[in-house]
There are 2 protein chains.
Amino acid sequence: VKSTEESPRWQPIDGGVTAPTGFTAAGVRCGLKSSGPDVAILFSDRPAAAAALFTRNLVRAAPVQVSMRRAASGFARAVVANAGNANACTGAQGLRDAEAMAARAAERLGVAAEEVLVASTGVIGRPLPMDRVLSGIDSAAQSLSRSGGADAALAIMTTDTRPKERALQVLLPDGRAVRLGAMAKGVGMICPNLATMLCFITTDAPVGAPTLRTILQSAADVSFNCLTVDGDGSTNDSVFMLANGASGGQPIEADQSTLRAFSDALAELCIDLARQMARDGEGATKLVTVVVTGAADDAQARMAASAIANSNLVKTAMFGNDPNWGRVLAAAGRSGASFRPEDASLRFGPIEVFRNGAPVAFDPKAAHDVLAAPEVEVLLTLGDGPGAARYFTCDLSYEYVRINAEYHT
Amino acid sequence: VKSTEESPRWQPIDGGVTAPTGFTAAGVRCGLKSSGPDVAILFSDRPAAAAALFTRNLVRAAPVQVSMRRAASGFARAVVANAGNANACTGAQGLRDAEAMAARAAERLGVAAEEVLVASTGVIGRPLPMDRVLSGIDSAAQSLSRSGGADAALAIMTTDTRPKERALQVLLPDGRAVRLGAMAKGVGMICPNLATMLCFITTDAPVGAPTLRTILQSAADVSFNCLTVDGDGSTNDSVFMLANGASGGQPIEADQSTLRAFSDALAELCIDLARQMARDGEGATKLVTVVVTGAADDAQARMAASAIANSNLVKTAMFGNDPNWGRVLAAAGRSGASFRPEDASLRFGPIEVFRNGAPVAFDPKAAHDVLAAPEVEVLLTLGDGPGAARYFTCDLSYEYVRINAEYHT
């Protein structure tokens, strides 16, 4: 993040999606999951610019297909979401159900159906029990509040072990304070067939839809798109961002330094959420950050970082607290990134294990302690090029296998 | 394999690399592994055409670098190999050691050092204990015999749970019988940092080096290059093939139908070895064959098959005997292969679970029984295109995690 060099212009504040002015939310139980709230509504009390990012999987769930069309308008007032059923591979009925969810929320909220985005996560291939879902939507619409963000964050969880929220107050260069809020669910699952990443971001800053799209994509490129638990992508992944302008003033894109400050804060927010998701990956015992530097360009660094972060051999070594530098180098070597092994160096946190193509003697006890920590950094230098990338992942444990093998369709 | 439609022109025969005429082998213990033989020599009693395939990993072990240069000549007389130490990431000393191994074998065998290929597998980053290795080579050279193939197959194992050999007698269209033999080690490892695939193939058929290269590459494309245990490629992977012409007659490439018959048998041999390696993958409880058909072309089918075979979610479902069709479709969906989900159909062996984009009701007990077998077929049709591919893999079990997490560098 570029702005870490300067004094940061943001500070964490309490709450999540309802921390920015003008947003309310609710999470209620309608009985799709075995326990806990499972229907969420997020609502802006005024029109909001909207941007969205979706899974690139060819197999797209019904709510993804519906929301893709609606987000194209650049405006939205609300998001309705459920957990416990992904409404994926459900054919024409699934599309009708996703549209009915949005229509019912719109009716209860007094907005147009086209202004409501929809997201679902959970088991695939089963029709939604629409009676329960619709009564859940009714109940959620009645429960909307400024303090409802936490319940909404619970309602989108599947087998996440904890809710994921983050809010920042951003001091813009012109002296205005604006707020960013978010909730997310990550890549943990037992009941769902597929790990789904959902993230809903709000801001009371005034931002036009084209700018919102651009900065959301940039933020995702250094956060959600650098996140891997097991390399599998879902049918339902969605990131929605709503900007309602409730803080007033000029659009943030009217001034370059304002835009930069806001974009940096948004990237910070997304990186924090990506880290929360990696840390809560299926069976994860630790967050592993892979940093590759010295590559010919960023794309090459990204190829190497992705291969390392997705390597089962690296991830099992992390689980075993094993400073297994050979696996890291081999993953980089097969990644397609171009480098000379003689120029490569590798550290696990502060412990240097490989320098300019040759092993470095290190204290095994110290290395074990570094790797046994809840956060581990793998730092690979490929040469002296300007390319760099950072990936977020977790270790691969027995628990990952248990979670994914013991589920029965 | 095309020739399954016709009556097969080959039959299995006993033995491995020494089944073809004119080859001897030995496997002896020099103390690199904790137990069992760990140095192997394979020898042709006359000059042989040679072809070789190597890892595409940028990080190449010293023996790979040495053998790449030597195999370029198109001729070889012998292979010397060790297990227990990969001689990888060992710098200039490693290159000198790999050359010294070949030189010592050449001296004992009475051939030129340039005629000896070298391979190593085992732990990386440690210098070879050359005194032990050289005395092992002396001992192996004295022990060469027509019945030594089995010992050689044991000597190249690391944590393979069983040796992998295969021999075929091929009846050529002109009435000649020639033999193919092979030994391989697969992708199981505790002590080594990296899973290494080694395969040594012999034949007494007369084949010129250019043809040998072409047909070995073709055979590898449908066998070793369609094999995945965990998607990680090693620094040491090598496939060597020696053709010594001891069976006499015209070169097999002199006649198209002869060449076809021989190539088909070679592909059959390599597919059998790939299946043996997948079945003996780290922690594997079953062999999983992924067949993709109906793709726009073979390359697209291959992308989908590779993504499915490498998916941790699919592999844990296989371990759990779970007919989780959603994971298979999602892996194909993110593979980059182009298809319409509405045209896709999926079977697990005889059990159809998905047809033309919609789930099919199936008997869960029958599906469980199919998936609990030691061999499982995943059969995905993407549409009505001509493209097809077949991948070999295994399930992902607790034992995989244990093997790879409990090893300590």
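Quick caveat, the model's predicted, so the values are computed rather than measured.

Basis of the calculations
- Residues numbered from 1 in each chain as written.
- Chains lettered and ligands numbered in written order.
- Predicted model: local features only at pLDDT ≥ 70, side-chain atom pairs only at ≥ 80, totals over all residues.
- Heavy atoms only, no water.
- Core = buried A, V, L, I, M, F, W, Y, C linked by side-chain atoms within 4.5 Å.
- Buried < 20%, exposed > 50% of the residue type's maximum accessible area, 1.4 Å probe, protein only.
- Helix = DSSP H or I, 4+ residues; strand = E, 2+ residues; numbered from the N terminus.
- Pairing = 2+ DSSP bridges.
- Contact = heavy atoms within 4.5 Å.
- Axes fitted to C-alpha atoms, helices over the stretch in contact; angles between N-to-C directions.
- Expected span 1.5 Å × (residues − 1).
- Arc of directions from axis to C-beta.
- Least-squares fit on C-alpha atoms with pLDDT ≥ 70 in both.
- Salt bridge = Lys/Arg side-chain N within 4 Å of Asp/Glu carboxyl O.

Participant: Would you take a moment to explain the nonpolar core for this structure?
Facilitator: When a protein is soluble and globular, its nonpolar side chains tend to lie buried together. Ranked by size, the top nonpolar core spans 108 residues in total, and within it Ile 201, Phe 224 and Phe 262 of chain A together with Phe 200 of chain B carry the most contacts. Ranked by the residues each element gives to this core, the list is headed by helix α6 (residues 256-279) of chain A, at 13 residues. In terms of nonpolar packing, the next biggest core, distinct from the first, is built from 107 residues, Ala 50, Ala 81 and Ala 153 of chain A together with Val 207 of chain B among them.

Participant: What is the right way to read the sheet that holds strand β11 (residues 345-348) of chain B from this model?
Facilitator: Across a sheet, strands are paired by hydrogen bonds formed along the backbone, either parallel or antiparallel in direction. Residue and element names in this part refer to chain B. The strand order β13-β12-β11-β14-β10-β15 describes an open sheet built from six strands, whose pairing is mixed. Each edge of the open sheet carries a strand with a single partner, namely β13 (358-359) and β15 (387-394). Contacting β11, β12 (351-355), β13 and β14 (375-381), helix α9 (residues 325-333) runs over the sheet at an angle of about 130° to β11.

Participant: Help me understand helix α5 (residues 209-221) of chain B, please; the structure alone is not making it clear to me.
Facilitator: All names here are of chain B. The terminal C-alpha atoms of α5 lie 18 Å apart, and with 13 residues this matches the ideal 18 Å at 1.5 Å per residue to within 8%. Among the residues of α5, those classed as buried are Ala 209, Thr 211, Leu 212, Ile 215, Leu 216, Ala 219 and Ala 220. The buried residues of α5 occupy an angular sector of 155° when the element is viewed end-on, so they sit on one face.

Participant: What is the right way to read the sheet that holds strand β10 (residues 287-295) of chain A from this model?
Facilitator: Residues and elements named next belong to chain A. Taken together, six strands build an open sheet; the order of strands is β13-β12-β11-β14-β10-β15 and the sheet is mixed. The sheet is open, and its two edges are formed by β13 (358-359) and β15 (387-394), each paired on a single side. Examined bridge by bridge, β10 and strand β14 (residues 375-381) share seven bridges and lie parallel to one another. Within the sheet, the bridge partner assigned to Leu 287 lies in β14 and is Glu 375. Running at roughly 20° to β15, helix α7 (residues 298-310) makes contact with β10, β14 and β15 of the sheet.

Participant: Would you mind showing me how to read the relation of the copies chain B and chain A here?
Facilitator: What relates the two chain copies is a rotation about an axis together with a slide along it. For the pair chain B and chain A, the superposition axis carries a translation of 0.0 Å, the fit reaches an RMSD of 0.0 Å, and the rotation angle comes to 180°. The two molecules are tied by a two-fold rotation axis, judged by turn and shift. Using C-alpha coordinates, one finds that chain B approaches the rotation axis most closely at Tyr 398 of chain B, a distance of 2.7 Å. The residues that chain B uses at the interface reappear at the interface of chain A in 100% of cases, marking a shared surface.

Participant: Sorry, what's going on with the pattern of salt bridges here?
Facilitator: When their charged atoms lie close together, side chains carrying opposite charge are able to pair. If you walk through the whole model with that rule in mind, you get 38 salt bridges over all chains. One salt bridge in this structure joins Lys 185 of chain B and Asp 160 of chain B, with 4.0 Å as the shortest N-O distance. A residue pair is termed long-range when its members are at least 10 positions apart, and Lys 185 of chain B in strand β7 (residues 177-185) and Asp 160 of chain B in the loop between α4 (149-155) and β6 (164-171) qualify at 25 residues. Like Asp 160 of chain B, Lys 185 of chain B is buried. For Arg 279 of chain B, the salt bridge is made with Glu 375 of chain B, and the minimal N-O distance between the two is 2.4 Å. Of this pair, Arg 279 of chain B sits in helix α6 (residues 256-279) while Glu 375 of chain B sits in strand β14; the two residues are 96 residues apart in sequence, bridging distant segments of the chain. A single network of salt bridges, built from pairs that share partners, joins Arg 104, Glu 107, Arg 108 and Asp 138 of chain A.

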